[in-house]
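# Survey of secondary and tertiary structure
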Amino acid sequence: MLRSQPACIDSAVAALERFARADPAALNDLAAGYVLRAQQEDRQSDLLDALDAAQHAVAATPRSAEALFNLARIEENIGLTTEAITSWNEFLKAAGSTRIAEARECRDLLLHRIDPTTQWDENRTQLRTALRKHDRPAIARLISPFPSSAERYLEEELLRPEHIDEAKTLASELARLTTDRYVVDVVVALERSPDALQTAHLAFANARRADRELSATRAAAYENAAQLLERRNSPLSLSARLGYATIVAFSGKPDALANSSALLIPIEQEARRRGFNRLLARVHATDANFLRAMGRYVESLSKSEDSLTEYEKGSDPEGVADSRMRTIGTLRSAGQSDVAWRAAMRALRESDHLVETRARHTLFGELALTAVALDHAPVALLYENTALRIIQHQLFITPPEQTDFIAALQTNLSIVRRARAEIELRLGDNSQAASDLAEGIRLRTSATDKNTQRALLARMKEVQAQAFIRINPTGAIASFTDALALTIPESRTYRASLLAQRADAQRRAGRREAAEADLRAALKELHAEQLYMLEHRKRGQAENMWSSYFSRFGEAYQSLIRQLVENGQTKDAFDYAEQARAFEPLYLVSEIVPNDFDGRTKGLAEIQEALPPGTQLIEYSVMPDQTIVWLVSREDFSVIRLPAGKVAIERHASELQRAVGARNHTAFEANLYALYDVLMAAPLASLKSKPQRLVIVPDGPMHGLPFAALRNPNTKRYLIEDVTIEIAGSANLYLVSLARDRALQSAAAPSVLLVGDPAFNENLAFAHGLQPLPRARSECERISEFYKPRAHMLLQGDATIPRFLEDARGSAIIHIAAHSVVNAQAPSRSYILLAAAANEPGPLEAQALLTRLSLDHTRLVVLSTCSSAGGLPIGAEGVAPFVRPLIGAGVPAVIGTLWNVEDATAEDLLVSFHRHYREGYDAAVALRLAQIGLLTKNNHNPGPEPVFAWAPFQVIGHASSPFAPSPQHKEKPP
């Protein structure tokens, strides 16, 4: 299947995973499957699973040539060079392989690979000769892989009167290569007044070297150089001011980061005015570091992208590699671990241009941290070992007289030792962790910079606390407290992490009140950071990051919620459950629809007051070992705890999805019964009276479950037969949908937009294999009969993006019957296929719905597309990729599907839905009537898959009907 059916790669890998659990011989094929999927779908994190499977394959069959070959290839691909050489040697010892020559060639290439630091040292030696001879072709060849290092060499070594000719030659070649005159203007300034500028240039060169070597006099050196250079009107003053701002940023003084970021503004303006694009790239990269340290991750990524763009325009692969490397940590800190790993793999492929030892060991440190975030601690340890070897080698070859540089290397070694100790603790190697930590503390004293020492010590104290937490929680509390005292206020994410970890230690020490206080403080830090970020966001910018960012610290929320429930503080616990899952979507809505959102979610009392009579809200918080259920109505509030936790619910949900994929009716029904027992039986039994409407707020593995089809084992009735059901991302989001629906009730006569069977471009790569949808056209034509003369259709070639965006603007009801494709790697890039138009190839991305769609009058959107409300829950509130932007645009309710449905089934059910909606029933009641009608029809004429036909349709939110009830349908629905 892997070779002949690329579309089935997920199914093939899943099958191999099942085989490998029972038969180790399948592990090697599983490793190959992961690699193939990583290549075909750019799922780079699959390479970590591939390495794990390959390692286990070799352990199970040590002399297997195939397993050794795959292991070596994977290690080589993910940058584990030392390990790959070992594996190639083992393969060469194995008998019976026909790929000996290929393996030997791969090994020899790795053995003789020259690291970039050594390569630049060789190039620099040759460069001196080439400059003296004015050999421009040789100069261009030597500097083209390393423009940034060549520029540093010019600034630090050649800006002297005795080297002015060489400086001019190098500057002109750099300018020709990068299309940037900055270095030329610097040399011209020196040439015009050599005596006056000599002192300033030497001051700058000394400051630059001090910057790399962590000298305690860095700030004073840069400030002095900047003043001297500005007096002589040298463009080099801009670089000096940039260096000064960098040092001030991490001085530990109040608001140092924000003040330093402000210092960059005039530097950026001057660099832009004078066309110094590479200096502009450095300014952007520096600002990205400041913004990341302040927790402003979206802005940081934007600045990194600006820096990358400038380096690419200037043909600087060294700058590009460095920029890519520095985005890894930002993405990871924002909760984007998969994306961070993809960025890390790309940076690794470009690492041959990273000259500085610090940059190279930082790259492997970022690889290690990202592997840890993806739960691959063993491979993370291999990366930290690589970082350690890089620094140790540089220490070995550095002359002893370079004391400042040696001190800097020892500081970096301290950082790596601390990071390695943290991984070893995760792996249970406490003895080695203690050894690494002790050595890291000893080396820390080599850092002459007080602020660097302070930051290092904070990290050391954190790792000490992690080592103590199980055996001496009181000692861990003390170490976490010390670490907190050493942090800067702007590092809110790091402070929140320390507080959450200290809360765990407090709990282990029996200090429940202190644990609760720490958790509250941690979440307060996060909330302040989140609110600041949202206030400074640009709608539509970095959309893939927001959901994962707001899903961080889920364990901290769970720990606090659990403790509050155990203490009987159930109302506070509910408020935190709401804060955990609703904050970002509420902010999105508040930007479009004026409301009273002020950075806080509504509390329990406000929610109860706003719920309509007869509406029962059931909200879940799924934890590892249990599920907490909140039962909220206008009159009552209660909490129950279910014994099933995350693993049990995930198992049933996975079995249900497999049954859907296989159209296995028996297995599907069995899990519907089981999930009713696990999730619904106890909550419904605890209610004092039967509700008229059930609003379900799912959590974690519950997202994507067909709640309408959950089946009572005692009565054999589906849940939809007993009550009207609506789904919501949170109680607060449900209140927003109610308020928005009320605000639209006074609107003019409703207009209806129907989009069906768009004539999409079948030659697009992502449209391969998709067929036209004639039943979608029929669906729209039948529905339009209910809404004449207010219905407007966009069919086939007319269903373009511009026409849709324009016609949607004034429509109260929108119905889209088309192909949709969910992008699991980048949910905001999921798309609905519309017809092509000028400059619009046809795919309408979810992100475009958020940024380009204006729905001020829209009450309901029906997405008659595949998996439009399921398949990929996004963020803590679990809103699907196509639903989230519509809610964010202020639409009260969306109807979508949880999985692929047959065209004919969708047509019949949705035509029935619109008939009932036109008759005056709200969206949830109208859908219920349509589902029961289809269920009754199937019961009378049983087919092979009756439940699959109606179960996947859900209403997210609430939308009343804008039409008066028909006289013949004034009675209550069944």
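Remember, predicted model here, so these are calculated numbers, not experimental data.

### Remarks on the sheet that holds strand β11 (residues 843–845)
Spatially, β9-β10-β11 is the arrangement adopted by the 3 strands of the open sheet, whose pairing is antiparallel. Where the open sheet ends on each side, the last strands, each with one partner, are β9 (820–821) and β11.

### Digging into the side chain of Ser-633
Summarising the element assignment, Ser-633 is placed in the loop between β2 (627–632) and β3 (637–642). Judged by relative accessible area, which is 5%, Ser-633 ranks as buried.

### Some thoughts on the packing of helix α10 (residues 164–178) against helix α11 (residues 182–192)
Relative to each other, α10 and α11 sit at 160 degrees, their axes nearing to 8 Å. As summarised for this structure, α10 and α11 are arranged roughly antiparallel, according to the angle between their axes. For the element pair α10 and α11, the recorded crossing hand is left-handed. Of the residues in α11, those in contact with Ile-164, Ala-167, Lys-168, Ala-171, Ser-172, Leu-174 and Ala-175 of α10 are Val-183, Val-184, Val-187, Leu-190 and Glu-191. Of the residues contributing to the contact of α10 with α11, the split by class is 9 nonpolar, 1 polar and 2 charged.

### Points about the nonpolar core
Side chains that are nonpolar tend, in soluble globular proteins, to be buried together. Membership of the largest hydrophobic core comes to 108 residues, with the highest contact counts inside it found for Phe-668, Met-680, Phe-804, Phe-913 and Trp-950. Tallying contributions element by element places helix α40 (residues 923–940) first for this core, with 8 residues. Setting aside residues up to four positions removed in sequence, Phe-913 forms contacts with Leu-860, Val-862, Ile-895, Ala-923, Ala-926, Leu-927 and Ala-930. Judged by nonpolar contacts, the second largest core, of 73 residues, contains Leu-30, Leu-48, Leu-367 and Tyr-383.

### Side note on the pattern of salt bridges
Scanning all chains against the criterion turns up 59 salt bridges. A salt bridge links Arg-389 to Glu-83; the nearest nitrogen and oxygen atoms lie 3.9 Å apart. Pair noted here: Arg-389 is in helix α21 (residues 377–397) and Glu-83 is in helix α5 (residues 81–93), with a separation of 306 residues, a long-range link. Among the residues examined, Glu-83 registers a relative accessible area of 13% and is labelled buried. The partner of Arg-459 in a salt bridge is Glu-462, and the shortest N-O contact between them spans 3.6 Å.

### Considering the packing of aromatic side chains
All chains considered together, the criterion is met by 14 aromatic pairs. With 5.1 Å between their ring centres and 85 degrees between their planes, Tyr-718 and Trp-950 make a pair best called edge-to-face. Residue Tyr-718 is located in the loop between β4 (693–697) and β5 (724–727), and its partner Trp-950 is located in helix α41 (residues 946–950); the two are separated by 232 residues in the primary sequence. Taken individually, Tyr-718 and Trp-950 each receive the classification buried, so the pair is uniform in this respect. Members of the aromatic cluster, each reached through a chain of ring pairs, are Phe-69, Trp-88 and Phe-91. Sitting above the plane of the Tyr-494 ring, Arg-459 keeps its charged end 4.0 Å from the centroid. Over the face of the ring belonging to Phe-948 we find Arg-663, whose NZ or CZ atom lies 5.1 Å from the ring centre.

### Observations concerning the confidence of the model for the protein
The predicted model of the protein has a mean per-residue pLDDT of 85, with 88% of residues at 70 or higher. The model gives residues 211–216 a pLDDT under 50, and that stretch makes 17 contacts with residues more than four places away or in other chains.

### Digging into the side chain of Thr-487
Assignment of secondary structure puts Thr-487 in the loop between α25 (473–486) and α26 (492–508). On the accessibility criterion, Thr-487 (11% relative accessible area) is buried. A distance of 2.8 Å separates a polar atom in the side chain of Thr-487 from a polar atom in the side chain of Arg-495. Ignoring sequence-local partners within four residues, the contact set of Thr-487 consists of Tyr-494, Arg-495 and Leu-498.

### Some remarks on the environment of Tyr-787
Counting through the fold element by element, Tyr-787 comes out in helix α35 (residues 774–787). In this structure, the C-alpha to C-alpha distance between Tyr-787 and Ser-751, residues 36 residues apart in sequence, is 8.0 Å. Excluding residues that lie within four positions of it along the chain, Tyr-787 makes contacts with Val-752, Ile-813, His-914, Tyr-917, Arg-918 and Phe-963.

### Regarding the pairing of strand β14 (residues 953–957)
Here β14 lies mainly inside the structure; 5 of its 5 residues are buried. Direction of pairing for strand β13 (residues 893–897) relative to β14: antiparallel, over a ladder of 5 bridges. In the sheet register, Ile-895 faces β14, and the bridge partner there is Val-955.

### A closer look at unusual backbone geometry
In this structure, Pro-789 follows Lys-788 across a cis peptide bond, with omega equal to 5 degrees. Looking at the element boundaries, Pro-789 is found in the loop between α35 and β7 (791–795). With phi around 55 degrees, Asp-42 is a residue other than glycine that occupies positive phi space. Here the phi dihedral of Ser-315 falls at roughly 50 degrees; this positive angle occurs in a residue that is not glycine. Here Ser-315 shows up in the loop between α17 (297–313) and α18 (317–333). On the basis of relative accessibility, which here comes to 40%, the residue Ser-315 falls in the partly exposed class.

### Examining the pairing of β3
The pairing of β2 with β3 spans 6 bridges and is classified as antiparallel. What sits directly across from Thr-627, in β3, is Leu-642. Between the end of β2 and the start of β3, which pair antiparallel, lie 4 residues.

### Regarding the environment of Asp-922
Examined against the element boundaries, Asp-922 turns out to sit in the loop between α39 (903–918) and α40. Discounting chain neighbours no more than four positions away, the residues touching Asp-922 are Arg-693, Tyr-917, His-958, Ala-959, Ser-960 and Ser-961. At a separation of 3.0 Å, a polar atom in the side chain of Asp-922 contacts the main-chain amide nitrogen of Val-925.

Reading guide: rules and limits
Residues numbered from 1 in each chain as written. Predicted model: local features only at pLDDT ≥ 70, side-chain atom pairs only at ≥ 80, totals over all residues. Heavy atoms only, no water. Pairing = 2+ DSSP bridges. Helix = DSSP H or I, 4+ residues; strand = E, 2+ residues; numbered from the N terminus. Buried < 20%, exposed > 50% of the residue type's maximum accessible area, 1.4 Å probe, protein only. Axes fitted to C-alpha atoms, helices over the stretch in contact; angles between N-to-C directions. Parallel < 35°, antiparallel > 145°, perpendicular 65-115°, else oblique. Left-handed = near helix turned anticlockwise from the far one by under 90°. Contact = heavy atoms within 4.5 Å. Nonpolar A, V, L, I, M, F, W, Y, C, P; charged D, E, K, R; others polar. Core = buried A, V, L, I, M, F, W, Y, C linked by side-chain atoms within 4.5 Å. Salt bridge = Lys/Arg side-chain N within 4 Å of Asp/Glu carboxyl O. Phe/Tyr/Trp six-rings, centres within 6.5 Å; stacked < 30°, edge-to-face > 60°. Lys NZ or Arg CZ within 6 Å of the ring centre and 35° of its normal. pLDDT = per-residue confidence, 0-100. Polar contact = N/O pair within 3.5 Å; in protein donor to acceptor, adjacent residues only side chain to side chain.

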